[in-house]
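Chain residues, written in single-letter form:
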Amino acid sequence: MLLAFTPVDAAETVPRAVSAALLSAGVLLVRPELGAVPFVPLPAVSAQFVRGLSERVDLRLRYDSVGLMSHRLGAGLRVRLWRAHGWSIGVGVEASAQQFVVPYQDAYLGGDLATQPTALVTHRWSSAALTLAVGPTIQWMVVGQSGGQTRADLRPHLAYLDVGARLEWSRGPGRTMVLGLDLCVPLDPDDPLGLLGVLPRVTLGWTWSR
């Protein structure tokens, strides 16, 4: 069954027994704070698979990559809590693992295990939807290696605060386009990647649902 309009990255969860795929690409702006180097754009890609488990809950699998230096795999659930008069409120939680290679001081290799709870608000029209989302990333373990030395941080801590907006609009039965703007704010001053500063990201993508 093709759906006329299904916002995928929204507080509106995907209906029961419906599957959707979201592919997007964009640019992440990095400020390395190294000498006179200004903001540096890095390509970002994302793939997401969504399966509706009930009318209020869906399962999500995600892969993200930034500049082929960072790779994150995640799995989580999204729950719609309330819907009325075109508005929806939802929450999500995702567990993920990241592996990265950053060309900083020869090379910085590492990874983490993290969890991200997210709160979402969506306003939906007949063929478009706007979603605002906010959620902290909790890192449970961070491992890094540089200059032959390995560092491990096993303390659970708030690493980032992610704030995002998604505009989705229908492009035909079962197809939508997504324009996203995200802002990642580091919360841990001791984070070895804190040199990246605040990370804004703009993405454009397509979704298919059936």
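One structure accompanies this document, and this report is about it. On a predicted model such as this, the values are computed, not experimentally measured, just so you know.

## Considering the overall build of the protein
Piece 1. Summing up its helical and strand segments, the protein has zero helices and eleven strands in all.
Piece 2. Across the 210 residues in the protein, those meeting the buried criterion constitute 41%.
Piece 3. Restricting the contact set of the protein to residue pairs at least 6 apart, pairs at least 24 apart contribute 54%.
Piece 4. In the structure as shown, the protein presents an accessible area of about 10,900 Å², 68% of it carried by carbon and sulfur atoms.

## Describing the side chain of arginine 78
Piece 1. If you trace the backbone, arginine 78 turns up in strand β4 (residues 70–84).
Piece 2. What makes arginine 78 buried here is its relative accessible area of 8%.
Piece 3. In terms of polar contacts, arginine 78 uses its side chain to reach the side chain of aspartate 9, at 3.3 Å.
Piece 4. If near-sequence neighbours (up to four positions away) are discounted, arginine 78 is found in contact with Val8, Asp9, Ala10, Thr13, Arg56, Val57, Asp58, Arg60, Val91, Gly92 and Leu120.

## Here we look at unusual backbone geometry
Note: most residues except glycine have negative phi, and most peptide bonds are trans.
Piece 1. Unlike most non-glycine residues, alanine 17 shows phi in positive territory, near 65 degrees.
Piece 2. For alanine 17, the location among the structural elements is in the segment before β1 (19–30).
Piece 3. In the Ramachandran plot, leucine 68 falls in the positive-phi region, its phi being about 60 degrees despite a non-glycine side chain.
Piece 4. Summarising the element assignment, leucine 68 is placed in the loop between β3 (57–66) and β4.
Piece 5. The class for leucine 68 is exposed, based on a relative accessible area of 73%.

## A closer look at the pairing of strand β2 (residues 40–52)
Piece 1. Pairing of β1 with β2 involves twelve bridges; the strand directions are antiparallel. Following the sheet pairing, alanine 21 is matched in β2 by phenylalanine 49.
Piece 2. As paired elements, β2 and β3 share nine bridges and run antiparallel to each other. Across the sheet, glutamine 48 pairs through a bridge with arginine 62, a residue of β3.

## Quick look at the environment of methionine 177
Piece 1. The residue methionine 177 is located in strand β10 (residues 175–186) in this model.
Piece 2. Linking methionine 177 and threonine 207, residues 30 residues apart in sequence, is a C-alpha distance of 6.3 Å.
Piece 3. Apart from residues lying up to four places away in sequence, methionine 177 is in contact with Leu167, Glu168, Trp169, Arg171, Leu204, Gly205 and Trp206.

## So, the nonpolar core
Piece 1. By size, the foremost hydrophobic cluster in this structure holds nine residues: Leu28, Val30, Leu42, Ala44, Val66, Ala159, Tyr160, Cys184 and Leu199.
Piece 2. Put simply, the parts of the chain that give this core at least two residues each are β1, β2 and β9 (157–170).
Piece 3. With five residues, the next largest nonpolar core counts Val8, Val14, Ala20 and Val50 among its residues.

## Let's talk about the pattern of salt bridges
Piece 1. Scanning all chains against the criterion turns up eleven salt bridges.
Piece 2. For arginine 72, the salt bridge is made with aspartate 112, and the minimal N-O distance between the two is 3.1 Å. A residue pair is termed long-range when its members are at least 10 positions apart, and arginine 72 in strand β4 and aspartate 112 in strand β6 (residues 108–124) qualify at 40 residues.
Piece 3. Taken together, the shared-partner salt bridges in this structure form one network comprising Asp9, Arg78, Arg166, Asp182 and Arg201.

## Some details on the pairing of β1
Piece 1. Of the two faces of β1, only one is covered, namely that formed by Ala20, Leu22, Ser24, Gly26, Leu28 and Val30; the face formed by Ser19, Ala21, Leu23, Ala25, Val27 and Leu29 stays uncovered.
Piece 2. Looking at chain direction, β1 and strand β11 (residues 199–209) are connected through nine bridges and run antiparallel. Among the inter-strand pairings, leucine 23 is bridged to a residue of β11, identified as tryptophan 206.

Rules used throughout
- Residues numbered from 1 in each chain as written.
- Predicted model: local features only at pLDDT ≥ 70, side-chain atom pairs only at ≥ 80, totals over all residues.
- Heavy atoms only, no water.
- Helix = DSSP H or I, 4+ residues; strand = E, 2+ residues; numbered from the N terminus.
- Buried < 20%, exposed > 50% of the residue type's maximum accessible area, 1.4 Å probe, protein only.
- Contact = heavy atoms within 4.5 Å.
- Areas by Shrake-Rupley, 256 points an atom, 1.4 Å probe, with all protein chains shown as cover.
- Polar contact = N/O pair within 3.5 Å; in protein donor to acceptor, adjacent residues only side chain to side chain.
- Pairing = 2+ DSSP bridges.
- Core = buried A, V, L, I, M, F, W, Y, C linked by side-chain atoms within 4.5 Å.
- Salt bridge = Lys/Arg side-chain N within 4 Å of Asp/Glu carboxyl O.

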